[in-house]
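Working through the structure, step by step
Chain by chain, the residues run as shown.
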Amino acid sequence: MKISKAFLRIGIDARFIGPEGTGLGKYTEKLIENLQKIDKRNIYYIFLRQTNWQFLKLKNNNFKKVLADVNWYSLAEQLKMAGIFNSQDLDLLHVPHFNVPMLYRKKFVVTIHDLIHHNFPQESATTKNPLIYKLKRSAYKVTIANAIKRSVKIITPSNHVKEELVSIFKINKSKITVIYEAAEEEYQKTPPTEAKNLLTKYQINKPYLIYVGNAYPHKNLETLFAAIKIINHKMKLNLVVVTARNIFSKKLEKQIAENNLGKSIQVAPYIKTQELNTIIRSSEAYIFPSLSEGFGIPGLNAMAAGVPVLASNIPTLQEIYQEAAVYFDPKNPTDIADKINSLLNSSKTKEELIKKGHLQVKKYSWRKMAVETLKVYESTR
């Protein structure tokens, strides 16, 4: 008869955590933060880089930091991370992304947030030359296939991603657990900063829509720009795009200049959450034109901040937002413009969306996400 251990030694790869709070980093941060509130029994080994070592605060004695100063998506990750994980004699490893080292042979759980790389394999989504891009894409296919095949359990943030995994990789549904994420708690608090001062600081002019996130091609910002151009033939409306400064944001700025939209569209750099909360609350609406998502935290953040949401009618966003958003065809700029126009000209619709948004946000909880994730860990004994 097999005797269960009193506790598990669980590793979590937390190298993505960082102050800019990208979706993947925020998910890992909230998971660890809430596991500390609910689990005093199992021992956790949190693998961090030097750059985010101080960022993550661990309050419990059963949570320990381990240095793993290795770049993600690198050859070094594949060659070194298995040894670093093995150094802690883990019973279970949780890798919150597809990048599981192929040399790691012990038990692991993987979170697959989305299949965007499968659905959008365009070379326009990379800054690499074509040969390097093809090599990286081949490495991605091998790595994700290995993670899916060899994991003991898979976590996805939506039923749509689960269905995609089953369809593409032909795996048993019972291996996959859907665990929803949530809005960030910071957006549910009234910020102390005055909006007027912040809008002046970032040179933002009212009225405006806001988008927060990456500027990758699948985010579909070019089509949104075309919709703004249509709108501005009828009324004055600005768009604020808050995104990381990189090659993709530079491409956006080039598109804005080429379409003479410089007076209507502003690309803003990373803004701290407290300030961003105020800027979102001062907007007419949050707009999410993406062609593919795994969950959709930014829209929930906007709902938590009391702002109506306009979103593309892709399956994931409809699953997560339900009746708390106005949906549009993300490939049709005229439809996007029409939906924006209808919302902004109806105070009743805006009020209804804000009420529905507040209720929708309450359906999701990071604590609940941690509880359900811990159940997945325990099920692997």
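Structure first, text after, so check above.
Below you will find a few notes about this structure. (Residues numbered from 1 in each chain as written. Predicted model: local features only at pLDDT ≥ 70, side-chain atom pairs only at ≥ 80, totals over all residues. Heavy atoms only, no water.)

So, the sheet that holds strand β10 (residues 265-268)
- Taken together, the six strands give an open sheet; going across it, the order is β10-β9-β8-β11-β12-β13, and neighbouring strands pair in parallel fashion. Since the sheet does not close on itself, it has two edges, and those belong to β10 and β13 (326-328), each with one partner. Averaged over all pairs of adjacent strands, the angle between strand axes in this sheet comes to 25 degrees, irrespective of strand direction.
- Note that strand β8 (residues 208-212) and strand β11 (residues 285-288) share two bridges and pair parallel. Looking at β11, one finds that L209 is bridged to A285.
- Contacts from helix α8 (residues 247-258) reach β9 (238-242) and β10 within the one sheet, and its direction differs from that of β10 by about 165 degrees. (Pairing = 2+ DSSP bridges. Helix = DSSP H or I, 4+ residues; strand = E, 2+ residues; numbered from the N terminus. Axes fitted to C-alpha atoms, helices over the stretch in contact; angles between N-to-C directions. Contact = heavy atoms within 4.5 Å.)

Quick look at unusual backbone geometry
- Put simply, K206 and P207 share a cis peptide bond, and its omega is -10 degrees.
- Checked against the element boundaries, P207 lands in the loop between α6 (195-201) and β8.
- Phi is positive for D89, close to 50 degrees, though the residue is something other than glycine.
- Positionally, D89 belongs in the loop between α2 (75-86) and β4 (92-95).
- Of note, Q322 is a non-glycine position whose phi angle comes to about 50 degrees, a positive value.

Points about the packing of helix α1 (residues 23-38) against helix α14 (residues 366-378)
- For the pair α1 and α14, interaxial distance at closest approach is 8 Å and the crossing angle is 80 degrees. In terms of axis orientation, α1 runs roughly perpendicular to α14. Here Y27, K30, L31, N34, L35, K37 and I38 of α1 lie close against α14, whose contacting residues are W366, R367, M369, A370, V371, T373, L374 and Y377.
- Of the residues that constitute the contact of α1 with α14, the class distribution is ten nonpolar, two polar and three charged. (Parallel < 35°, antiparallel > 145°, perpendicular 65-115°, else oblique. Nonpolar A, V, L, I, M, F, W, Y, C, P; charged D, E, K, R; others polar.)

Description of α1
- Between its first and last C-alpha atoms α1 spans 23 Å; for 16 residues at 1.5 Å apiece the expected length is 22 Å, and the two agree.
- By the criterion of burial, α1 is predominantly enclosed, with twelve of the 16 residues buried.
- Of the positions making up α1, those classed as buried are L24, G25, K26, Y27, T28, E29, K30, L31, I32, N34, L35 and Q36. (Expected span 1.5 Å × (residues − 1). Buried < 20%, exposed > 50% of the residue type's maximum accessible area, 1.4 Å probe, protein only.)

Here we look at the sheet that holds strand β6 (residues 153-156)
- Strand order in the open sheet formed by seven strands is β3-β2-β1-β4-β5-β6-β7, and the pairing between neighbours is parallel. A single partner strand is all that each edge strand has here, and the edge strands are β3 (63-67) and β7 (176-178). The mean angle between the axes of side-by-side strands here comes to 20 degrees, regardless of whether they run parallel or antiparallel.
- Two elements, strand β5 (residues 108-111) and β6, share three bridges in a ladder whose sense is parallel. Its bridge partner being in β6, T111 is matched across the sheet by I155.

Description of the side chain of Q88
- Looking at the secondary structure, you find Q88 in the loop between α2 and β4.
- The class of Q88 is buried, set by a relative accessible area of 18%.
- Ignoring any residue separated from it by four or fewer positions in sequence, one finds Q88 in contact with R9, Y45, F47 and V66.

As for the packing of aromatic side chains
- For the coordinates displayed, the defined rule picks out 13 aromatic pairs.
- Residues F16 and W72 carry aromatic rings whose centres are separated by 4.3 Å and whose planes lie at 25 degrees to one another, so their mutual orientation is stacked. Placement of F16 in the loop between β1 (9-13) and α1 and of W72 in the loop between β3 and α2 is noted, with a sequence separation of 56 residues between them.
- Using a relative accessible area of 13% as the deciding quantity, one classes F16 as buried.
- Judged by centre distance (5.5 Å) and plane angle (85 degrees), the rings of Y180 and Y364 are edge-to-face. Taken together, the residues span a long stretch of sequence, with Y180 in the loop between β7 and α6 and Y364 in the loop between α13 (347-361) and α14 at a distance of 184 residues.
- Sitting over the face of the ring of W72, R49 holds its NZ or CZ atom 5.1 Å from the ring centroid. (Phe/Tyr/Trp six-rings, centres within 6.5 Å; stacked < 30°, edge-to-face > 60°. Lys NZ or Arg CZ within 6 Å of the ring centre and 35° of its normal.)

Quick notes on the environment of E185
- Checked against the element boundaries, E185 lands in the loop between β7 and α6.
- The spatial distance from the C-alpha of E185 to the C-alpha of Q78 is 35 Å, given a sequence separation of 107 residues.
- In contact with E185, other than residues within four places in its own chain, are K30, E33 and W366.

Things to note about the side chain of H97
- Along the chain, H97 falls in the loop between β4 and β5.
- A polar contact of 2.7 Å, which involves the side chain of H97, links it to the side chain of Y73.
- With sequence-adjacent residues up to four places away left out, H97 is seen in contact with F16, L24, Y73, V110, T111 and H113. (Polar contact = N/O pair within 3.5 Å; in protein donor to acceptor, adjacent residues only side chain to side chain.)

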